[in-house]
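Listed below, chain by chain, are the residues.
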Number of protein chains: 2
Amino acid sequence: KPLRYAGGVLQMLDQRKLPTEEIWLDYRDYREVAEGIQTMVVRGAPAIGCAAAFGAWFGARDIEAEETGDFLDRFAAVCDHLAASRPTAVNLSWALQRMQGFARNHADRPVEQIKIALEYEALAILEEDERINRAMGRHGQELIPDPARILTHCNAGALATGGYGTALGVIRAAVAAGKQVAVLADETRPFLQGARLTAWELQRDGIDTTLICDNMAGYLMSRGLIDCVIVGADRIAANGDVANKIGTYTVAVLAREHRIPFYVAAPVSTIDLSLADGSLIPIEQRDRREITHIGDIQLAPDNIGVVNPAFDVTPARLVTAIITEHGIATGNYPVRLAELVNCGG
Amino acid sequence: KPLRYAGGVLQMLDQRKLPTEEIWLDYRDYREVAEGIQTMVVRGAPAIGCAAAFGAWFGARDIEAEETGDFLDRFAAVCDHLAASRPTAVNLSWALQRMQGFARNHADRPVEQIKIALEYEALAILEEDERINRAMGRHGQELIPDPARILTHCNAGALATGGYGTALGVIRAAVAAGKQVAVLADETRPFLQGARLTAWELQRDGIDTTLICDNMAGYLMSRGLIDCVIVGADRIAANGDVANKIGTYTVAVLAREHRIPFYVAAPVSTIDLSLADGSLIPIEQRDRREITHIGDIQLAPDNIGVVNPAFDVTPARLVTAIITEHGIATGNYPVRLAELVNCGG
């Protein structure tokens, strides 16, 4: 699990240092939490939602206001600051809106009581997340054949969530159900979440894992060595278009070419019914240095042009099913996703 | 140019050190040349053919044999050793067969005269290669639109050849013809030939170049930002199936999905008419450390499973055209490739 909370301190596992170092950093201030999200100490859509909830609580705790209206205004500014840390994953703004909604629902209480309620709510968001993922795993594992060679991209695991994982949660549930599972993990350039994080957490669980470069999945599919693909998501539009880590779209095109099922596992908090389709999802552009260097090693000439989109959008037509904690959508996404968000089964 | 020859010494630019260091290594022994090819001091199908020709000459020079039959037997053993350095690029065995054929054609001469002829032939192979690439460029550049945003994968440039390049030779010829060209270079994991070599040599030529991770090409195609793809080849089967750097197949699938032309530029020495189709092309598997480490930096957990195929095969149906020094094949590859190999236009 990437986040621990106790005694007013949020500890985040520094995911930039894995797999060679396990370093926990302490957070007590909302600005520092925002920076930790921006610099990817913590990453993964559900996990940054959880981290942002604690950031909001820290911000709330430090607001010196007697009057509730004043408190709520200043709390909104705290949440806006946190929301600006990364643009693509909707779980971030989802968690912040939940925290603000909770504060407004307690607006008849004294400010000190609202603060206590917000600490409670941040903890609730974190603890719910693992339960949600276990429910997702139960639904999703039924789609996994036995035996299965499963390709995953990026890290949609325990490290990306409050625990257990979304895509890797489905894999864990399939293993727990006794299925024989082998995982192929795309290394996921430039940040190498697959090599550094997915490989690390699956290896610790004793799950058979093989690391490949992103450009090798097509070769393995063409040789009949992959049975299905499962990935997480950072935002899903109302029509089922899925924004996820850069390279996901390529994997989906390859899966379709080889008639391999392509599954997305994400909590309903990742579904953004306010966006009609994926073209409306903002795509974060990150720093050139993520591509041109690894640590202090320079990989490319000085001043070379670089583009570094952190996400891409996979159109709904390439998505075989979307697995949520409330059930599975297979096609007819505009209707089914709305049902799932509204707690339908 | 990656190779220089003078006074019995072959100098190879150490391509493992680019772009931050330009180091030339001296070679005088065939075993060292074989090791330089195996460890990728030199890489690129035509360039390793040229290097192997000099390796063969060094081996021949050092054979102490009075009798021609004895010499030819021992020369065959030298060539077998060189041929085993890398399995996929057919230019390697093509150059060695050419050297051996040349020796056999001079079998009526004294051994010392055969040796002199072999030095001459190695130099001829190197010098021809650049002329071949310029011819390929003249043919190929007619396929390039103006303006053009061209994606390339790996390095099929001057560094991969005797000079000028195959895929990058076509790009250079398009620029020389006055076309407005912007290049997108896949970084090409794990060896990073795109980031380290293609970016370096195009930047030195003042050609507009943008570096991307391999998993970003699909995103850029989906946004309409790529007009065509051009890559080199390590071996082309009689039916037009193309073995090239791992990830090429994925780019070809993406190009077809987006209705973008996918071009292959390679000399006829890359065409292996003895293989009916690409399934017969041997695919080199390289060391796990290429994926798990960059320099001394560890990117993945200890003992994680890894597969590292260095090449993949793109089926002929995804190849819009194959550009050679003798002309262009567009479809009907079994007939057209045989014509081009036999010097037809």
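Residues numbered from 1 in each chain as written. Chains lettered and ligands numbered in written order. Predicted model: local features only at pLDDT ≥ 70, side-chain atom pairs only at ≥ 80, totals over all residues. Heavy atoms only, no water.

Engineer: Give a detailed account of the pattern of salt bridges, specifying residues and quantitative values.
Structural biologist: Applying the stated criterion across every chain, the model contains 42 salt bridges over all chains. Between D108(B) and R109(B) there is a salt bridge whose closest N-O contact spans 3.9 Å. Residue class for R109(B) comes out partly exposed when judged on its relative accessible area of 37%. Sharing partners across several salt bridges, the network here consists of R86(A), E284(A), R286(A) and E290(A). (Salt bridge = Lys/Arg side-chain N within 4 Å of Asp/Glu carboxyl O. Buried < 20%, exposed > 50% of the residue type's maximum accessible area, 1.4 Å probe, protein only.)

Engineer: Report on the environment of G59(B), specifying residues and quantitative values.
Structural biologist: All names here are of chain B. Among the secondary structure elements, G59 is positioned in helix α2 (residues 45-61). C-alpha of G59 to C-alpha of C79: the two residues are 20 residues apart in sequence and 8.2 Å apart in space. If near-sequence neighbours (up to four positions away) are discounted, G59 is found in contact with Y30 and V78. (Helix = DSSP H or I, 4+ residues; strand = E, 2+ residues; numbered from the N terminus. Contact = heavy atoms within 4.5 Å.)

Engineer: Any details on the sheet that holds strand β9 (residues 242-245) of chain B? Residues and values, ideally.
Structural biologist: Residues and elements named next belong to chain B. The 4 strands are arranged β11-β8-β9-β15 in an open sheet whose pairing can be described as mixed. Every other strand in the sheet has two partners, leaving β11 (271-272) and β15 (311-314) as the edge strands with one partner each. Pairing of strand β8 (residues 235-237) with β11, which is carried by 2 bridges, proceeds in the parallel orientation. Note that in β11 the partner of I236 across the bridge is I271. Against the sheet, helix α9 (residues 248-257) engages β9 and β15, with an angle of about 30° to β15. (Pairing = 2+ DSSP bridges. Axes fitted to C-alpha atoms, helices over the stretch in contact; angles between N-to-C directions.)

Engineer: Break down the side chain of N91(B) for me, citing the residues and quoting the values.
Structural biologist: All names here are of chain B. The residue N91 is located in helix α4 (residues 90-105) in this model. For N91, a relative accessible area of 1% gives the class buried. If sequence neighbours within four positions are ignored, N91 has contacts with A45, P46, G49, D234, P267, S269 and T270.

Engineer: So what's going on with the environment of A76(A)? Residues and values would help.
Structural biologist: Residues and elements named next belong to chain A. Here A76 shows up in helix α3 (residues 68-83). Exposure remark for A76: the relative accessible area of 23% places this residue in the partly exposed category. Taking the C-alpha atoms as reference, A76 lies 10 Å from A103; in sequence the two are 27 residues apart.

Engineer: Could you give an account of the interface of chain B and chain A, with specific residues and numbers?
Structural biologist: Taken together, the 56 residues of chain B in the interface contact 56 residues of chain A. Buried area between chain B and chain A, summed over both chains or domains, comes out near 4300 Å², and the portion from carbon and sulfur atoms is 67%. Between chain B and chain A we count 4 salt bridges in total. A salt bridge links R189(B) to E187(A); the nearest nitrogen and oxygen atoms lie 2.6 Å apart. Linking chain B with chain A are 20 residue pairs in polar contact (both at pLDDT 80 or more), by the criterion used here. (Buried area = accessible area lost by both parts, 1.4 Å probe. Polar contact = N/O pair within 3.5 Å; in protein donor to acceptor, adjacent residues only side chain to side chain.)

Engineer: So, the packing of aromatic side chains: which residues are in play, and what are the values?
Structural biologist: Residues and elements named next belong to chain B. Tallying each qualifying case throughout the model produces 4 aromatic pairs over all chains. Sitting above the plane of the W24 ring, R4 keeps its charged end 3.6 Å from the centroid. Positioned above the aromatic ring of W57, the side-chain terminus of R61 is 5.6 Å from the ring centre. (Phe/Tyr/Trp six-rings, centres within 6.5 Å; stacked < 30°, edge-to-face > 60°. Lys NZ or Arg CZ within 6 Å of the ring centre and 35° of its normal.)

Engineer: Lay out the pairing of β9(B) with the relevant residues and their values.
Structural biologist: All names here are of chain B. One ladder, built from 2 bridges, connects β8 with β9; its direction is antiparallel. From the neighbouring strand, R235 faces β9, where its bridge partner is A243. Taken together, β8 and the strand that follows it, β9, pair antiparallel across an intervening segment of 4 residues, in which G240 is found at a positive phi of about 95°.

Engineer: Kindly report on the sheet that holds strand β5 (residues 181-186) of chain A, identifying the contributing residues and their values.
Structural biologist: Pairing within the open sheet is mixed, and its 8 strands lie in the order β17(A)-β16(A)-β10(A)-β7(A)-β4(A)-β5(A)-β6(A)-β14(B). Edge positions in the open sheet fall to β17 (327-329) of chain A together with β14 (305-306) of chain B, since each of these has one partner strand only. Pairing between strand β4 (residues 148-152) of chain A and β5(A): 5 bridges, direction parallel. Each bridged residue has a counterpart across the sheet, and for I150(A) the counterpart in β5(A) is V183(A).

Engineer: Got a sec to walk through the relation of the copies chain B and chain A? Specific residues and values, please.
Structural biologist: When chain B is fitted to chain A, the residual RMSD is 0.0 Å, and the transformation amounts to a turn of 180° plus an axial shift of 0.0 Å. Here the copies are linked by what is in effect a two-fold axis. With an isologous cut-off of 70% or more, the 100% of interface residues of chain B that recur at the interface of chain A puts this contact in the isologous class. (Least-squares fit on C-alpha atoms with pLDDT ≥ 70 in both.)

Engineer: Any chance you could break down the packing of helix α5 (residues 111-141) of chain A against helix α6 (residues 167-176) of chain A for me, citing the residues and the numbers?
Structural biologist: Residues and elements named next belong to chain A. Where α5 contacts α6, the axes come no closer than 8 Å and their chain directions differ by 65°. As α5 runs across α6, the sense of the crossing is right-handed. Across the interface between the two elements, M136, G137, R138, G140 and Q141 from α5 touch G169, V170, A173 and A174 from α6. Partitioned by chemical class, the residues of the contact of α5 with α6 number 4 nonpolar, 4 polar and 1 charged. (Left-handed = near helix turned anticlockwise from the far one by under 90°. Nonpolar A, V, L, I, M, F, W, Y, C, P; charged D, E, K, R; others polar.)

Engineer: Give a description of the packing of helix α1 (residues 30-38) of chain B against helix α3 (residues 68-83) of chain B that names residues and reports values.
Structural biologist: Residues and elements named next belong to chain B. Remark: α1 packs on α3, axes separated minimally by 9 Å, with the N-to-C direction vectors making an angle of 20°. Here α3 runs roughly parallel to α1, going by the angle between their axes. Between α1 and α3 the crossing geometry is right-handed. Every residue of α3 that contacts α1 at Y30, R31, V33 and A34 is listed here: V78, H81 and L82. Among the residues making up the contact of α1 with α3, the classes are represented as 5 nonpolar, 1 polar and 1 charged. (Parallel < 35°, antiparallel > 145°, perpendicular 65-115°, else oblique.)

Engineer: So what's going on with the side chain of D186(B)? Which residues, and what values?
Structural biologist: Looking at the element boundaries, D186(B) is found in strand β5 (residues 181-186). Although D186(B) is buried, it forms no salt bridge, and the closest oppositely charged side chain is R189(A) at an N-O distance of 11 Å. Every residue in contact with D186(B), bar those within four places of it in the chain, is listed here: L151(B), T152(B), H153(B), C154(B), G194(B), A195(B), L211(B), I212(B), C213(B), D214(B), A217(B) and V251(B). (Lys, Arg positive; Asp, Glu negative; His and termini not counted.)

Engineer: Break down the confidence of the model for chain A for me, with residues and values.
Structural biologist: Of all residues in chain A, 99% attain a pLDDT of 70 or more, and the chain-wide mean is 97. For this predicted complex, the interface score ipTM comes out at 0.96, alongside a pTM of 0.97. (pLDDT = per-residue confidence, 0-100.)

Engineer: Could you give an account of unusual backbone geometry, naming the residues involved and the relevant values?
Structural biologist: Residues and elements named next belong to chain A. Going from L18 to P19, the amide bond is cis rather than trans, its omega being 5°. The backbone phi angle of Y164 is positive, close to 80°, even though this residue is not glycine. Residue position: Y164 is located in the loop between β4 and α6. On the basis of relative accessible area, Y164 is assigned to the buried category, the value being 14%.

Engineer: Can you break down helix α7 (residues 193-204) of chain A residue by residue, with the values?
Structural biologist: The periodicity of an α-helix, 3.6 residues per turn, causes residues three or four positions apart to be oriented the same way. All names here are of chain A. Look at α7: 16 Å from first C-alpha to last across 12 residues, which is about the 16 Å you get at 1.5 Å a residue. Of the residues making up α7, those classed as buried are Q193, G194, A195, R196, L197, T198, A199, W200, E201 and L202. For α7, the elements touching its buried residues are β2 (9-13), β4, α6, β5, β6 (208-212) and β9 (242-245). (Expected span 1.5 Å × (residues − 1).)

Engineer: I'd like to hear about the state of the cysteines, residue by residue, with values.
Structural biologist: Considering all chains together, one arrives at 0 disulfides over all chains under this definition. No disulfide involves C154(A); its nearest neighbouring cysteine sulfur is the one of C213(B), lying 12 Å away. (Disulfide = S-S within 2.5 Å.)

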